[in-house]
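# Geometric and topological summary
Given next are the chains, with one letter for each unit.
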Amino acid sequence: MEHTSTAARILRTTRLNVSTAIAAGLLSISSVYAAPSEALIEQYNQAAMGDEDQVELVIEKLKSQMDSKGADALSMVYLGSTQTMMGRDAYMPWNKMKYTEQGLATIAKGLSLISEGAPVSNQEIRQGLPASHLATAIAASTYTSLPDMFNHFERGYDLFLDLLADPEFQQQPFPASSWVYFYAIEAAIRAEDLKQANQWLEVMTQNDDTDPMTTQARAIIADAA
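First, a word on what this report is: a plain description of the structure on this page. (Residues numbered from 1 in each chain as written. Predicted model: local features only at pLDDT ≥ 70, side-chain atom pairs only at ≥ 80, totals over all residues. Heavy atoms only, no water.)

### Brief notes about the packing of helix H7 (residues 153-164) against helix H9 (residues 174-190)
Counted only if it meets this: Interaxial angle, 0 to 180 degrees, is taken between N-to-C directions of lines fitted to C-alpha atoms, where a helix line uses only the stretch in contact. For the purposes of this entry, the term helix denotes a DSSP run of H or I that reaches at least four residues, the term strand denotes a run of E that reaches at least two, and both are numbered from the N terminus. By the definition adopted for this analysis, an angle is roughly parallel if under 35 degrees, roughly antiparallel if over 145, roughly perpendicular if from 65 to 115, and oblique otherwise. Helix crossings fall into two classes, left-handed where the near helix is turned counterclockwise from the far one by less than a right angle and right-handed where it is turned clockwise. Working rule for contacts: check all heavy atoms of both residues, and any pair within 4.5 Å makes them a contact. Residues are grouped as follows: Ala, Val, Leu, Ile, Met, Phe, Trp, Tyr, Cys and Pro are nonpolar; Asp, Glu, Lys and Arg are charged; all remaining types, including Gly, are polar.
Axis separation between H7 and H9 bottoms out at 10 Å; the angle between their running directions is 135°. Judged on the interaxial angle alone, H9 and H7 are oblique. Judged by the sense of rotation from one axis to the other, the crossing of H7 with H9 is left-handed. In this structure, H7 contributes Phe 153, Tyr 157, Phe 160, Leu 163 and Leu 164 to the contact, and H9 contributes Val 180, Tyr 181, Tyr 183, Ala 184, Ala 187, Ala 188 and Arg 190. Among the residues forming the contact of H7 with H9, the class breakdown is 11 nonpolar, no polar and one charged.

What follows is the structure in structure tokens.
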């Protein structure tokens, strides 16, 4: 029942890239709903890295924010992902199932809000990416990290396929998006789709052959070949 949470994997590899992207001049643009702050996302990351004390605090803050400002896609996806951490941390198998399924349902609600949101050009920037792109990436990474018994891997892989084929996503700064390509490649390898994995690696190489995510992606593809 154990699974590696999305943020735990991402946090180990993206802090430097995100900081670089933000320093390069990425500015947030106000939208109708307030996406989670960078500070709250960092708190989420701490929870994902194993700090169980942070899990309920993040859930409470996300719910409070949505109660006062309305539910946006990114907040819902982060809430759902945090709820799956309760499944991760639960002792009893039935609680692991209950909390993980609850989180998956919340993520699905968040994804359904993306089409109702502002255009990408008008969205707030979080972790170096427009809110809808980050929401989709977190959902895809969460889905593809779960054990097969939850039957969400294919859904997550489809999200990666759609996101990485989106011209607007392809225009995002590579320091902020490289981790998305990496975890999409991980999913492609799990799906035994090495052709797609190599196509994404080519994109990464063209953007920055020396990026740490590019180097890691090349290594895992070589191991899978």
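Moving on from the model shown.
### Quick word on the side chain of Gln 83
Residue placement: Gln 83 occurs in helix H4 (residues 73-89). Those residues in contact with Gln 83 that lie beyond four places of it in its chain are Ile 59, Lys 63, Tyr 99, Gln 102, Gly 103 and Thr 106.

### With respect to H4
Going by this rule: Multiplying 1.5 Å by the residue count of a helix minus one yields the expected span of that helix. Note on classification: 1.4 Å probe, protein chains only; a residue is buried when its accessible area is under 20% of the maximum for its type, exposed when over 50%, partly exposed between these limits. Think of a polar contact as two N or O atoms within 3.5 Å of one another; within protein, one of them needs to be a possible hydrogen donor and the other a possible acceptor, and neighboring residues in sequence only count if both atoms come from side chains.
Helix length check: H4 (17 residues) gives 25 Å between terminal C-alpha atoms against 24 Å at 1.5 Å per residue, within 8%. Across the 17 residues that make up H4, a large majority, 16, are buried. By the N-cap criterion, in which a side-chain oxygen at the helix start approaches the backbone nitrogen of a residue two or three places on, H4 is capped by Asp 72, the distance to Leu 74 being 3.2 Å.

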